[in-house]
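Here's the letter readout for the chains.
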Amino acid sequence: MAETATAQPATAHDAHGAHVTSTGLSNVKLGMWLFLGSDCLLFGGLISTYMLYRGRVANGPTPEQVYDIPFTSVSSFVLLMSSLTMVLAVSAAHKRDDRGTNLWLTITALLGTTFVGGQVYEFTAFYNEGLGFTTSLFGSSFYTLTGFHGAHVTVGIIMLLALVAINKRSRVPGSKSETVEMIGLYWHFVDIVWIIIFTLVYLIPV
Amino acid sequence: MAIIERHAPGTTVVPALTPAPPAITPTRTFGALRRPVTTTGWKSWLFTVDHKKLGLMYGATALFFFIVGGLEAVLIRLQLAAPEGKVLNADLYNQMFTMHATTMVFLFVMPMAAGFANYFLPLQIGARDVAFPRINAFGFWCLLAGGIVVNLAWFLGGAADGGWFMYAPNSGPVFSPSRGVDFWVFGLQIAGIASLSGSINLIVTVLNMRAPGMTLMKMPAFTWMITVVQFLLLFAIPVITVALFLLGFQRMFGAQFFNVAAGADPLLWQHLFWIFGHPEVYILILPSFGIVSEVLPVFSRKPLFGYPFVVFSGAAIGFVGWGVWAHHMFASGLGPVSVAVFSVATMAIAVPTGVKIINWTLTMWGGKLVFTTAMKFAIGLVVLFTIGGLSGVTHSVAPSDTQQTDTYYIVAHFHYVLFGGAIFGIFSGFYYWWPKVFGKMLNERLGSWNFWLMVIGMNLTFGPMHILGLQGQPRRMYQWTDARAGEGFFNIAFWNLVASIGSLILTVGVLFFLINIVVTARNKTRAPLDPWNARSLEWMTSSPPKEHNFDSIPHIHHLDEFFHRKYEEDPATHTMREVATAEEVLAELERNADAHIHMPSPSYWPLVAAAGLPIITLGLIYSIPVAVVGGLVVLYAVYGWALEPSVAPASDFDPTENGASGNGHAVGASHG
Amino acid sequence: MSTRGYVNVAVILAAITSLEVSTYYVDFGPLFLPALLTMMAVKFVMVVSYFMHLKFDNKLFSWLFYTGLFLAVGVYAAALATFHFFLR
């Protein structure tokens, strides 16, 4: 039978079963960081649109009239803590601690849901105070920016819960700990976008 | 799934298509249907994740849209051939120039480059596929879906009519009430997914899946240019995504982003569009620069002159290209400071392009030139792009641009760089790589007719537009009259007629290419393995390449590795002498063939996921419940995809297989 | 990083967040904007470096991510500048 080419690496899988790559880095991880780099351009555009239009209130309430800083601060704190629990989930996954992983993933999802719940409450309150999506440029830009962020969080929550479910049935294709780590990267990114939004949108007055 | 059984040692390998052995179907699946595994027939195309099949599909789709966009152009030229044209009314004319540009930019040049990149990049770096094969397939189906969505508008109330740059508020609900713009917005969003996912895929592929010994500076120039393009796409697509969302939200939900009465600034759209739009033009031209950087050395019998300069100037163009976008806005009221800054930056970007022109010229200088059709098109690019670049340099001078902008002078510029540049490069690629892809050579006589008619046609069409622009003919004007045509014989009337005649000559030239395809398909003569005596790795395969590309992955020692396996330097005379033929080089790879090669398995999830997107579109435009259905389709597909291993588990196929033998796995191929 | 380490980072982030929120209540004078932006940047970099592990991973990841970030900031800041956004 034909021999293996000596020109090739002896095994195309390393000791962990991961594929050998030219840089030694994981394909999926590289892909995720590239995606996050590109997502900066997406949120940058939405944030810039908001910054341009935040003061243009031909109709309806102004930011100072609707923003509830204490409430949003609590929301921000919740999201920040969810980053901690996410990192603990990744830690547990690296230690092959399935129960720990699922526990921390679930808590992260719960904290994320709390955050989204807070957003929904906030949007409803603003709407009742006269700030609709179509009311003013401020309204359109605010809801678009925070809405996109909230959508990203929601997708994250779905991924977290899906991972818990798949984990429980031991049906994770590929490396389990890497999958948790990748979802972690996405989740943290969503958190750092909020770090920017919280400061620029809420804390800096128009 | 293809398990490749090896030939017995010593068998001569004929460079022809060898049918794959029957594949074994896995029994565990996660969807409603069994996992597709056929290797022949239409199903093998529908569910393929093979980069070569996907490359061909991108190419075929792009070629179809090239014809569509070309017909749209011919209609425009027929309308403008004579005064008071009656071919198109004003409304249809607006749709025609909008769709001509949209089709050519997004549905022809970009997908054609994606086709070349998909087919050849893995081959050029010695890989067996891309990093994420299913995402690759998903990207193609998204492109097709997006192209269909954009063009559906023709049949559903009129196509988009706001110009390909779709300035708001003109493109908003008040001034563009038909649904055409909605289809345009959604269609481009869907196509954008193809570009973005493709960019991540190809960057990871280039970084992670190079054959052993292939450092970045040993990669072919084409691969380098494609890589730069992927980085441009990665960062530019999100910007137009934002713009399209803002416009879409305004049109669909009443957002205020471009409502001037509410305080909106129309320049917001312009900035967002052109921050994407300028990198976009480099996305359009760099692949052709890459193709030409392959073709010129081969047909000059010399290596590419100044390879590091070609690489770095490509990267420089990619980088500086981010700093010039507002040169599309010189007349928009930005103010003198902004205009001055962008004017200087635009002058700067001519430099790296000039570096390339010099390197290409010096590649040919002193070489033994062979004037095949591929070479003619490549030289054509060098000449015609230079002309287009020169008019571009005149645009960079803001005061002069203020006269040129929105006239046919601009139309002349971008058609010289896009037609004479991007399209000539693409045609060069066709003639160069056709034998590798199809095992047959395109007919050179027909190719010559193709080339000369295109050169003459192109110059007759777009050359006069410089004059027309300076004579004052504005863009996007559906009709001209004798009263406005100016005095003298060589007035607007004359040059419009010349341009229109030129477009017909161009059409015949393209027709010759299509005839060439048919004639070649009917021709029984098979091409030799290495008809052009080429230099790079994609030629070190059978024609067409086997599904797994290389029987054994070569170890790379040089730039132009294939060339150096055929030729060595004679120490006495310091000339290159042949030490092996292409057939011998290939036979060597086959002798050392890998025992087991697992290729990623076909999958129907990418197709299903992509199919959900146009359903969402139609739902959002016509009826929300339909959009929900589309969303569920996408969700179901994502779920099935996530649970499906990219390669069906080994235990389903070969009881004696164990992971430790590990031979011949595609280097770095991932579970995408 | 150990669990203790991650918790420490989280505590620091919480503290900085409290400080940020305090700007709503306390008058920082001319320091308001620079302080807020600095705190935002510090939190951002901390999450990226520690929670996302960028500080300990191969530099290529940092290059790829920060290129995207700086490109975004650069391009959008330039666009806003043409609107005279920074001249108020």
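None of the values given here were measured: they were computed from a predicted structure. (Residues numbered from 1 in each chain as written. Chains lettered and ligands numbered in written order. Predicted model: local features only at pLDDT ≥ 70, side-chain atom pairs only at ≥ 80, totals over all residues.)

K.L.:
Help me get a handle on the overall build of chain B, residues and values and all.
P.N.:
If you tally the helices and strands in chain B, you get 18 helices and 2 strands. A globule of 672 residues ought to have a C-alpha radius of gyration of about 26 Å, and chain B, at 26 Å, matches this closely. With the C-alpha coordinates aligned to their principal axes, the bounding extent of chain B is approximately 80 × 70 × 50 Å. Counting every position in chain B, which comprises 672 residues, the buried fraction comes to 56%. Residue pairs in contact within chain B that sit at least 24 positions apart in sequence constitute 81% of those at least 6 positions apart. (Helix = DSSP H or I, 4+ residues; strand = E, 2+ residues; numbered from the N terminus. Rg over C-alpha atoms; globule rule 2.2 N^0.38 Å. Buried ≥ 20, exposed ≤ 12 C-beta atoms within 10 Å, placed from the backbone. Contact = placed C-beta atoms within 7 Å.)

K.L.:
I'd love a proper account of the interface of chain B and chain C, names of residues and values included.
P.N.:
Tallying the contact residues gives 8 residues for chain B and 6 residues for chain C. Looking at the side of chain B that touches chain C residue by residue, the classes come out as 5 nonpolar, 2 polar and 1 charged. (Nonpolar A, V, L, I, M, F, W, Y, C, P; charged D, E, K, R; others polar.)

K.L.:
Summarise the packing of helix α3 (residues 69–94) of chain A against helix α4 (residues 98–128) of chain A; cite the residues concerned and give the values.
P.N.:
Residues and elements named next belong to chain A. Between α3 and α4, the shortest axis-to-axis distance is 8 Å and the interhelical angle comes to 160°. Classified by the angle their axes make, α3 and α4 are roughly antiparallel. Relative to α4, the crossing made by α3 is left-handed. Residues that form the contact of α3 with α4 fall into these classes: 14 nonpolar, 10 polar and 1 charged. (Axes fitted to C-alpha atoms, helices over the stretch in contact; angles between N-to-C directions. Parallel < 35°, antiparallel > 145°, perpendicular 65-115°, else oblique. Left-handed = near helix turned anticlockwise from the far one by under 90°.)

K.L.:
Break down the nonpolar core for me, citing the residues and quoting the values.
P.N.:
Formed by 281 residues in total, the largest nonpolar core has its most connected members in B:Cys142, B:Ala243, B:Val295 and B:Ala378. Examining the composition of this core, we find that 23 residues originate from one element, helix α6 (residues 221–253) of chain B, more than from any other. Two domains each donate at least three residues to this core, and these are domain 1 (1–55) and domain 2 (58–88) of chain C. When residues no more than four places from it in sequence are discounted, the contact partners of B:Val295 are B:Ala374, B:Met375, B:Ala378, B:Ser428 and B:Tyr432. (Core = buried A, V, L, I, M, F, W, Y, C linked by C-beta atoms within 7 Å. Domains from an automatic or database assignment.)

K.L.:
I'd like to hear about the environment of A:Gly60, residue by residue, with values.
P.N.:
Residue and element names in this part refer to chain A. Position of glycine 60 relative to the elements: it lies in the loop between α1 (27–53) and α2 (63–66). Residue classification places glycine 60 among the partly exposed residues on the basis of 17 C-beta atoms within 10 Å. With 135 residues separating them in the primary sequence, glycine 60 and isoleucine 195 have C-alpha atoms 27 Å apart. Apart from residues no more than four positions distant in its own chain, glycine 60 is found in contact with Gly130, Leu131, Thr135, Ser136 and Gly139.

K.L.:
Please set out the confidence of the model for chain A residue by residue, giving values where relevant.
P.N.:
The predicted model of chain A has a mean per-residue pLDDT of 90, with 89% of residues at 70 or higher. Between residues 1–11 of chain A, whose pLDDT stays under 50, and residues either more than four places distant or in other chains, the model counts 26 contacts. (pLDDT = per-residue confidence, 0-100.)

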